There are 2 protein chains.
Amino acid sequence: MENRKLSICMIGFGNAGKEFCRMLMEKKEEIKNTYNFNVVVTAISTRSKGALFDPSGVDLNRALQEVETEGRFFQNNPQRIDGSALEIMQKSEADVLIELSTLSIEDGQPAISHIEEAFRNNMHVITANKGPIAWDYKRLKKMADEKGLALLHETTVMDGTPIFNLVEKTLPGCKILGFKGILNTTTNFIMEEMEAGSDYEAALKEAQRRGFAEADPSMDIDGWDAAAKTAALINVLMDGNATPMTIDRTGISGVTLKDIDDAKRKGGKIKLLCEGFRDEDDIKGRVYPSFVDNKDIFSNIDSTTSVLSISTDLMGEICIVERYPEIQQTAYGVYSDLLTLIKDYLK
Amino acid sequence: MENRKLSICMIGFGNAGKEFCRMLMEKKEEIKNTYNFNVVVTAISTRSKGALFDPSGVDLNRALQEVETEGRFFQNNPQRIDGSALEIMQKSEADVLIELSTLSIEDGQPAISHIEEAFRNNMHVITANKGPIAWDYKRLKKMADEKGLALLHETTVMDGTPIFNLVEKTLPGCKILGFKGILNTTTNFIMEEMEAGSDYEAALKEAQRRGFAEADPSMDIDGWDAAAKTAALINVLMDGNATPMTIDRTGISGVTLKDIDDAKRKGGKIKLLCEGFRDEDDIKGRVYPSFVDNKDIFSNIDSTTSVLSISTDLMGEICIVERYPEIQQTAYGVYSDLLTLIKDYLK
């Protein structure tokens, strides 16, 4: 049986994008053998590293090596091309856009425009960028559905841990009543360092040194990242209409060492929780630091681990935990969406 | 659009079967509206309550009421019928067998014979009985595949919590390297009561009083139930060839109050763990009481809660937790398999 070609246009080539390309190269033959698809990256557009284009396939090994060496694609790379992300997308004529640009918390742009353009060009979309899902999910999903295109976004909350797919594919007939989670690594790490006696500034510096805090600490500390994830979960799992702005949001900057000591004395900890819940006819979200008893599963969600507990009408409460993820788990989210695309949309 | 009829033959009408029938009655219209299927139970065979048969549909309200009143179907119920389970299955000409008979740990019978007979009669199978999956999964699955029939068994481990579907439907391309879980409620409850100061006998009595310990306590205490679940997970998730007998099994009867106190002093607890792991080319399973640190997620798996942690090649380690299930969550497992059957095999 001959392999069908599946071409990808990538926007963004940061850590997740690079790791995804490594995974794709490793799994290329497996995808051919299992699904009869020859997956090829035909275009990569970035904000600061330049862009590459080749209808027969970008040389990913070379691209990775150049970026590792110089932080950008070489000027003499024969696949180099100039142009905006939208121009390169159009030119690529790819089957699928993989949107990995940097999150803009204010409005979800330019990722939303990229996705709209993809649908206009009849491209499926896989996004690891939570902005579009937090800001504009319903409208984008409607655009996709009208054209029979995919809008896949498993990676936007808890990396590749199945959250959206868990509900969509394994809890048929269940209604989601609400959820509660610990979804921001940086704040979880800082709270834990403070429990161990660090002060806030030192804990934040350590998180930045380890590479999981955002350059702008406000995104984590003030609960914006958590609010975006909460909005995305409300929009997809509960059919709500949230944005990061509608989430009742309190960050951790007001949490003192004394608060943490008080919690310890009462047999617990303070954790930054994300919640979605039904309030009469409304669906609401909030992000706030809360006391968690040491006997609660949530109290042992340490370091970079995260958790989401989902409350359902028929299946009671189930919890899913991602333990100590690395960048590979983000790449896997994108890769699993690619396989979902093949299995659910292209077979 | 006209509804297609989907007829069910049930074997077993205990708590899970009764609750499933209640759920089915409640969801009957929803299934019609969503999937265009009219689901009808046409036969129920039990070991001690009698049997019912009606090609146009058993009166489930009446059946439930009779069993609640007298512990069996009334003699004057016009849908009453005599015959063995196999005879009633044949007579039912149903589209699907729902196998809910009592687990026999020695050999998985008679459930295995029921399932074989179902396949011979071109019936799909949903089983909540872990015996066939622990004892004979590969052969039965092959029989099903050869005829394009379903063999669905989500309920056999952790009730309706998606375990098998989690791996099959939401972790595409992942290889399962191993797993670790707390999967037996009775022993988990007993260990916890002993931590709180009860002695073993009192704790066992309390578990029996609450209704989740087996009448024969050896099934739980000696780790047989846990071993059967471990074997089922190895067979399905890891493509292994286990039976309950091949699992290296140590129950909790050797655990003393002193062991539990020692664990407490070391900052932990004793829990009965289930493990599946790769050992060179072999896949092995074991069930054993083990020290669990208070900082580990597993330490807060209390009372009837259960957990399964899955280790994968691409997605690292993810954990799923079922919190405080009731009989409804067992019924949901069967119901979710019914919807999976409709979506994956009948659409």
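Preceding this section is the structure that the text describes.
As a starting point, this report considers the structure included with it. These figures come from a predicted structure and were not determined experimentally.

Counting secondary structure elements, chain A contains 12 helices and 13 strands. For 347 residues, the compact-globule estimate of 2.2 N^0.38 gives 20 Å, and the C-alpha radius of gyration of chain A, at 21 Å, lies within 12% of that figure. Dimensions of chain A along its principal axes, counting C-alpha atoms only, are 65 × 45 × 35 Å. Taking all 347 residues of chain A together, 61% fall into the buried category. Contacts in chain A between residues far apart in sequence, at least 24 positions, make up 68% of those at least 6 positions apart. When the accessible surface of chain A is totalled, it reaches about 13900 Å², and 44% of it is carbon and sulfur. Distance between charge centres in chain A, computed from 41 positive and 55 negative side chains, equals 2 Å.

Here the focus is helix α1 (residues 15–35) of chain A. Given 3.6 residues per turn, any residue in an α-helix points the same way as the ones three and four places further on. Residues and elements named next belong to chain A. The largest bend in α1 amounts to roughly 55° and is located at Lys-27. Buried residues of α1: Ala-16, Gly-17, Lys-18, Glu-19, Phe-20, Cys-21, Met-23, Leu-24, Lys-27, Ile-31, Lys-32 and Tyr-35, and no others. Residues of α1 that are buried in the fold lie against β1 (4–11), β2 (37–45), α2 (60–70), β5 (96–99) and α12 (327–346). Of the residues trailing α1, Asn-36 is marked for its positive phi of about 60°.

Attention now goes to the pairing of strand β10 (residues 268–279) of chain A. Residue and element names in this part refer to chain A. Here β10 lies mainly inside the structure; nine of its 12 residues are buried. Across four bridges, strand β8 (residues 176–182) lies against β10 in antiparallel orientation. Paired with Gly-181 across the strands is Cys-274, a residue of β10. Inspection of the sheet shows β10 paired to strand β11 (residues 282–293) by 12 bridges, in the antiparallel sense. Directly across from Leu-272, in β11, lies its bridge partner Pro-289. A loop of two residues connects β10 with β11, the two strands running antiparallel in sequence, and Glu-280 in this loop sits at a positive phi of about 55°.

The next subject is the pairing of strand β13 (residues 317–323) of chain A. Residue and element names in this part refer to chain A. Here β13 lies mainly inside the structure; six of its seven residues are buried. As paired elements, strand β12 (residues 306–312) and β13 share six bridges and run antiparallel to each other. Counterpart to Ser-311 in the pairing with β13 is Glu-317. Connecting the antiparallel pair β12 and β13 is a turn made up of four residues, with Gly-316 showing a positive phi of about 60°.

Moving on to the sheet that holds strand β4 (residues 80–81) of chain A. Residue and element names in this part refer to chain A. Pairing is mixed in the open sheet, where seven strands are placed in the order β4-β3-β2-β1-β5-β6-β7. Only two strands of the sheet have a single neighbouring strand rather than two, namely β4 and β7 (151–152). Where β5 meets strand β6 (residues 124–127), four bridges bridge the pair, whose relative direction is parallel. Looking at the pairing, Leu-97 lines up with Val-125 of β6. Packed onto the sheet, helix α4 (residues 111–120) meets β1, β5, β6 and β7 and runs at close to 175° relative to β5.

Under the criterion given, the structure shown has 46 salt bridges over all chains. Its salt-bridge partner being Glu-68 of chain B, residue Lys-18 of chain B comes within 3.4 Å of it at the nearest N-O pair. With Lys-18 of chain B in helix α1 (residues 15–35) and Glu-68 of chain B in helix α2 (residues 60–70), the pair connects residues that are 50 residues apart, well separated along the chain. Connected through salt bridges with shared partners, the residues Lys-18, Glu-19, Arg-22 and Glu-68 of chain A form a single ionic network.

For the rest of this paragraph, the subject is the interface of chain B and chain A. Every contact between the two is made by 43 residues of chain B and, on the other side, 43 residues of chain A. Of the roughly 3600 Å² buried at the junction of chain B and chain A (both faces included), carbon and sulfur atoms supply 58%. The tally of links from chain B across to chain A stands at four salt bridges. The salt bridge involving Arg-323 of chain B is made with Asp-296 of chain A; its shortest N-O contact spans 3.1 Å.

The two copies are related by a screw motion: chain B maps onto chain A through a turn of 180° and a shift of 0.0 Å along the axis, at an RMSD of 0.0 Å. Put plainly, the chains are arranged around a two-fold axis. When each C-alpha of chain B is compared by its distance to the rotation axis, Ile-320 of chain B comes out closest, at 2.3 Å. With an isologous cut-off of 70% or more, the 100% of interface residues of chain B that recur at the interface of chain A puts this contact in the isologous class.

Moving on, we get to the side chain of Glu-99 of chain A. Residue and element names in this part refer to chain A. With respect to the element layout, Glu-99 can be found in strand β5. The side chain of Glu-99 sits in the buried core without any salt bridge; Arg-47 is the nearest counter-charge, 10.0 Å away. A polar atom in the side chain of Glu-99 sits 3.4 Å from the side chain of Asn-129. In this structure Glu-99 touches Ile-11, Ala-111, His-114, Ile-115, Ile-126, Thr-127, Ala-128 and Asn-129, once residues within four positions along its chain are discounted.

With that settled, the discussion passes to the environment of Lys-264 of chain B. Relative to the assigned elements, Lys-264 of chain B resides in helix α11 (residues 257–265). Owing to a relative accessible area of 45%, Lys-264 of chain B belongs among the partly exposed residues under this scheme.

What follows is about the packing of aromatic side chains. Aromatic ring pairs are reported here in terms of the distance separating the ring centres and the angle at which the planes meet. Residue and element names in this part refer to chain A. The tally for this structure, following the rule as stated, stands at four aromatic pairs over all chains. Ring centres of Phe-13 and Phe-73 lie 5.5 Å apart, and the angle between their planes is 50°; this geometry places the pair in the tilted category. In this pair, Phe-13 sits in the loop between β1 and α1 while Phe-73 sits in the loop between α2 and β4, placing the two residues 60 residues apart along the sequence. A cation over a ring is seen here: Arg-286 above Tyr-288, with NZ or CZ 4.0 Å from the ring centre.

Residues and elements named next belong to chain A. With respect to the secondary-structure elements, Asp-220 resides in helix α9 (residues 218–221). Within the structure, Asp-220 has its side chain in polar contact with the side chain of Asn-184 (distance 2.8 Å). In contact with Asp-220, not counting residues within four places along its chain, are Asn-184, Thr-186, Thr-187, Phe-212, Ala-213, Glu-214 and Asp-225.

Residue and element names in this part refer to chain A. At their nearest, the axes of helix α7 (residues 185–195) and helix α8 (residues 200–210) sit 9 Å apart, and the two run at 135° to each other. It follows that α7 is oblique to α8 by the angle criterion. Judged by the twist between their axes, the crossing of α7 over α8 is right-handed. Across the interface between the two elements, Thr-186, Phe-189, Ile-190, Glu-193 and Met-194 of α7 pack against Tyr-200, Ala-203, Leu-204, Glu-206, Ala-207 and Arg-210 of α8. Among the residues forming the contact of α7 with α8, the class breakdown is seven nonpolar, one polar and three charged.

Counting residues in hydrophobic clusters, the biggest one holds 212 residues, and the most contacted among them are Ile-8, Met-10 and Phe-20 of chain A together with Ile-8, Met-10 and Phe-20 of chain B. By size, the runner-up hydrophobic cluster in this structure holds 20 residues, among which are Ile-182, Tyr-288 and Ile-301 of chain A together with Val-321 of chain B.

Moving on to α2 of chain B. Residues and elements named next belong to chain B. Those residues of α2 not exposed but buried are Leu-60, Ala-63, Leu-64, Glu-66 and Val-67. Looking straight down α2, one finds its buried side chains confined to an arc of 165°; they lie on one side. Exposed side chains of α2 directed beyond 90 degrees from the buried face belong to Gln-65, Thr-69 and Glu-70. Elements in contact with the buried residues of α2: α1, β2 (37–45) and β3 (51–53). One side-chain oxygen at the N-terminal end of α2 lies 3.2 Å from the backbone nitrogen of Asn-61; it belongs to Asp-59.

Procedures and definitions
Residues numbered from 1 in each chain as written. Chains lettered and ligands numbered in written order. Predicted model: local features only at pLDDT ≥ 70, side-chain atom pairs only at ≥ 80, totals over all residues. Heavy atoms only, no water. Helix = DSSP H or I, 4+ residues; strand = E, 2+ residues; numbered from the N terminus. Rg over C-alpha atoms; globule rule 2.2 N^0.38 Å. Buried < 20%, exposed > 50% of the residue type's maximum accessible area, 1.4 Å probe, protein only. Contact = heavy atoms within 4.5 Å. Areas by Shrake-Rupley, 256 points an atom, 1.4 Å probe, with all protein chains shown as cover. Lys, Arg positive; Asp, Glu negative; His and termini not counted. Charge placed at Lys NZ, Arg CZ, Asp CG, Glu CD. Bend = angle between axes of the 7 residues up to and from the residue. Pairing = 2+ DSSP bridges. Axes fitted to C-alpha atoms, helices over the stretch in contact; angles between N-to-C directions. Salt bridge = Lys/Arg side-chain N within 4 Å of Asp/Glu carboxyl O. Buried area = accessible area lost by both parts, 1.4 Å probe. Least-squares fit on C-alpha atoms with pLDDT ≥ 70 in both. Polar contact = N/O pair within 3.5 Å; in protein donor to acceptor, adjacent residues only side chain to side chain. Phe/Tyr/Trp six-rings, centres within 6.5 Å; stacked < 30°, edge-to-face > 60°. Lys NZ or Arg CZ within 6 Å of the ring centre and 35° of its normal. Parallel < 35°, antiparallel > 145°, perpendicular 65-115°, else oblique. Left-handed = near helix turned anticlockwise from the far one by under 90°. Nonpolar A, V, L, I, M, F, W, Y, C, P; charged D, E, K, R; others polar. Core = buried A, V, L, I, M, F, W, Y, C linked by side-chain atoms within 4.5 Å. Arc of directions from axis to C-beta.

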